[in-house]
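Chains, contacts and geometry: an overview
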Amino acid sequence: MLRKRLSMLAPILAATIFSTTTAPASAEEVFSSSNRAKQRIVVRVDVSEQRMTVIQGGQRLYDWDVSTARVGKYTPRGTFQPQFFSPNHRSSKYGGAPMPWSVFYDGDYAIHGTDAISRLGAPASAGCVRLHPDNAKLLYAMIFEAGKAETFIVVQD
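None of these values were measured; they are calculated from a predicted model.

To continue, consider the sheet that holds strand β7 (residues 109–113). The strand order β5-β6-β7-β8 describes an open sheet built from four strands, whose pairing is mixed. The open sheet has two free edges, formed respectively by β5 (84–90) and β8 (129–131), since each of these has just one partner strand. Along the sheet, successive strands turn relative to each other by an average axial angle of 25°, direction set aside. Pairing analysis gives six bridges linking β5 to strand β6 (residues 98–106), with the strands arranged antiparallel. Note that in β6 the partner of F85 across the bridge is V103. In this fold helix α3 (residues 133–146) packs onto β5, β6, β7 and β8, with an angle of close to 45° to the strand it touches most, β6.

This is how it looks when you write it as structure tokens:
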């Protein structure tokens, strides 16, 4: 009886031991394989430059001005995947402000279009990544078609 219980626990113990010694793939490892996936999209947001680069299937397709968090606000850094889409979103936190073509990637944070086009290229948002509405619509369509699992959003300084 004891032997049977131990044999049942062995796979669980092995998984626990190996899972604590195996590190997750680094962003470099994940993105280095992007040439193998025709649909894979990498959206790189450079906060210090206020620029976004869109790469699909290992090919750089677009470079756009963005606006990230203004002074006193914060745009989260890291590697994310889209969580949900909202083509005609309105902010519940900022008086119903329009957020067209929203791709939410970290809770309340999204990439979306803005009507403050003249402010693109400089920090101006409450934390989201703002784009020209035409670019936001294009990016939204690309990500929606490729799928959330094939899209990586990298926000860096």
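There is more to say after this.
Take the packing of aromatic side chains next. Applying the stated rule across the entire model yields seven aromatic pairs. Seen from their ring centres, F84 and F104 are 4.4 Å apart, and the 5° between their planes marks the pair as stacked. Highlighted residues: F84 in strand β5 and F104 in strand β6, separated in sequence by 20 residues. One aromatic cluster is present, formed by F85, W101, Y140 and F144 through successive ring pairs.

This part takes up the nonpolar core. In this structure, V43, M52, I111, L131 and L139 are the most contacted members of the largest nonpolar core, which totals 22 residues. Elements with a contribution of two residues or more to this core: β1 (41–46), β2 (51–56), β6, β8, α3 and β9 (151–156). Ranked by residue count, the leading element in this core is α3, at six residues. Apart from the residues within four sequence positions on either side, L131 is in contact with M52, W64, D65, V66, I111, H112, G113, T114, L120, A136 and L139.

Our next topic: α3. For α3, spanning 14 residues, the distance from its first C-alpha to its last is 20 Å, which sits close to the expected 20 Å at 1.5 Å a residue. For α3, the complete set of buried residues consists of N135, A136, L139, Y140, M142, I143 and A146. Projection of α3 onto a plane perpendicular to its axis shows the buried side chains occupying an angular sector of 165°, all on one side. More than 90 degrees from the buried face of α3, the exposed residues found are D134, F144 and E145. Positive backbone phi, at 100°, marks G147, one or two positions downstream of α3.

The next subject is the sheet that holds strand β4 (residues 78–80). Reading across from one edge, β3-β2-β1-β9-β4 is the order of the five strands in this open sheet, with mixed pairing throughout. Of all the strands in the sheet, just β3 (59–65) and β4 have a single pairing partner and so form its edges. Each strand of the sheet is rotated relative to its neighbour by a mean of 15°, with strand direction disregarded. As paired strands, β2 and β3 are joined by six bridges and run antiparallel to one another. By the bridge assignment, I55 is partnered in β3 with R60. In this fold α3 packs onto β1, β2, β3 and β9, with an angle of close to 145° to the strand it touches most, β3.

Cut-offs and rules
Residues numbered from 1 in each chain as written. Predicted model: local features only at pLDDT ≥ 70, side-chain atom pairs only at ≥ 80, totals over all residues. Heavy atoms only, no water. Pairing = 2+ DSSP bridges. Helix = DSSP H or I, 4+ residues; strand = E, 2+ residues; numbered from the N terminus. Axes fitted to C-alpha atoms, helices over the stretch in contact; angles between N-to-C directions. Contact = heavy atoms within 4.5 Å. Phe/Tyr/Trp six-rings, centres within 6.5 Å; stacked < 30°, edge-to-face > 60°. Core = buried A, V, L, I, M, F, W, Y, C linked by side-chain atoms within 4.5 Å. Buried < 20%, exposed > 50% of the residue type's maximum accessible area, 1.4 Å probe, protein only. Expected span 1.5 Å × (residues − 1). Arc of directions from axis to C-beta.

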